[in-house]
Amino acid sequence: MPTKKRKNAIEICNKRNEDTREGHTHAQLQKCVEENVDLDDGQDTGGEESENSKDTNLRKETIRRCCNYIKYLVLLLLIPPFLNYAALSGESNKLQPESK
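The following paragraphs examine the structure supplied in this document. Predicted, not measured: the structure shown is a model, and the values here were computed from it. (Residues numbered from 1 in each chain as written. Predicted model: local features only at pLDDT ≥ 70, side-chain atom pairs only at ≥ 80, totals over all residues. Heavy atoms only, no water.)

For the protein, the count of helices and strands is 3 helices and 2 strands. The secondary structure elements of the protein, listed N-terminal to C-terminal, are α-α-β-β-α. Within the protein, the proportion of its 100 residues that are buried is 7%. Restricting the contact set of the protein to residue pairs at least 6 apart, pairs at least 24 apart contribute 44%. (Helix = DSSP H or I, 4+ residues; strand = E, 2+ residues; numbered from the N terminus. Buried < 20%, exposed > 50% of the residue type's maximum accessible area, 1.4 Å probe, protein only. Contact = heavy atoms within 4.5 Å.)

The next thing to look at is the pattern of salt bridges. Inspection of the entire model under this criterion finds 3 salt bridges. Of the charged contacts, one joins Arg59 and Asp55 as a salt bridge, the two residues approaching to 2.6 Å between their closest N and O atoms. Highlighted residues: Arg59 and Asp55, both in helix α3 (residues 51–95), separated by 4 residues, approximately one helical turn. Notably, a salt bridge pairs Glu61 with Arg65, separated by 3.4 Å at the nearest N-O pair. A residue pair is termed a helical-turn pair when its members lie 3 or 4 positions apart in one helix, as Glu61 and Arg65 do in helix α3 at 4 residues. A relative accessible area of 51% means that Arg65 is categorised as exposed. Salt bridges sharing common partners tie together Glu61, Arg64 and Arg65. (Salt bridge = Lys/Arg side-chain N within 4 Å of Asp/Glu carboxyl O.)

Take a nonpolar patch on the surface next. Taken together, the side chains of Ile70, Leu73, Val74, Leu77, Leu78 and Phe82 define a hydrophobic patch exposed on the protein surface, amounting to about 620 Å² of accessible area. Examined against the element boundaries, Leu73 turns out to sit in helix α3. (Patch = residues over 30% accessible without salt bridge, like charges linked within 9 Å, V, L, I, M, F, W, Y side chains within 5 Å. Areas by Shrake-Rupley, 256 points an atom, 1.4 Å probe, with all protein chains shown as cover.)

This model, assessed by the stated rule, comprises 0 disulfides. There is no disulfide at Cys66, and the cysteine sulfur nearest it, in Cys67, is 7.1 Å away. Looking at Cys66, the relative accessible area reads 39%, which means it is partly exposed. Classification of Cys67 by relative accessible area gives partly exposed; the value is 47%. (Disulfide = S-S within 2.5 Å.)

No statement about biological role is implied by the geometric values presented.
Here's what the structure looks like:
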């Protein structure tokens, strides 16, 4: 049995369907309903993102970008010493006197 919030979301989706004069398949209707009803707490979003949701998305995007920058910074700090060590060990092997 659909809840009142879910029924409201279905009505919103059906109204959009009438406005655009396009037919909805069941999957499209289900997607529209999920976009308009927050199924976790049953709050009707009305198809618009709340200010809190936008702020949360902005924070997540900022954190994701910072993590990417930090990842490349760590790579830039760690790779050169290993390459330097490999080059020096190869050079030291070449400079060793040959034993008979």
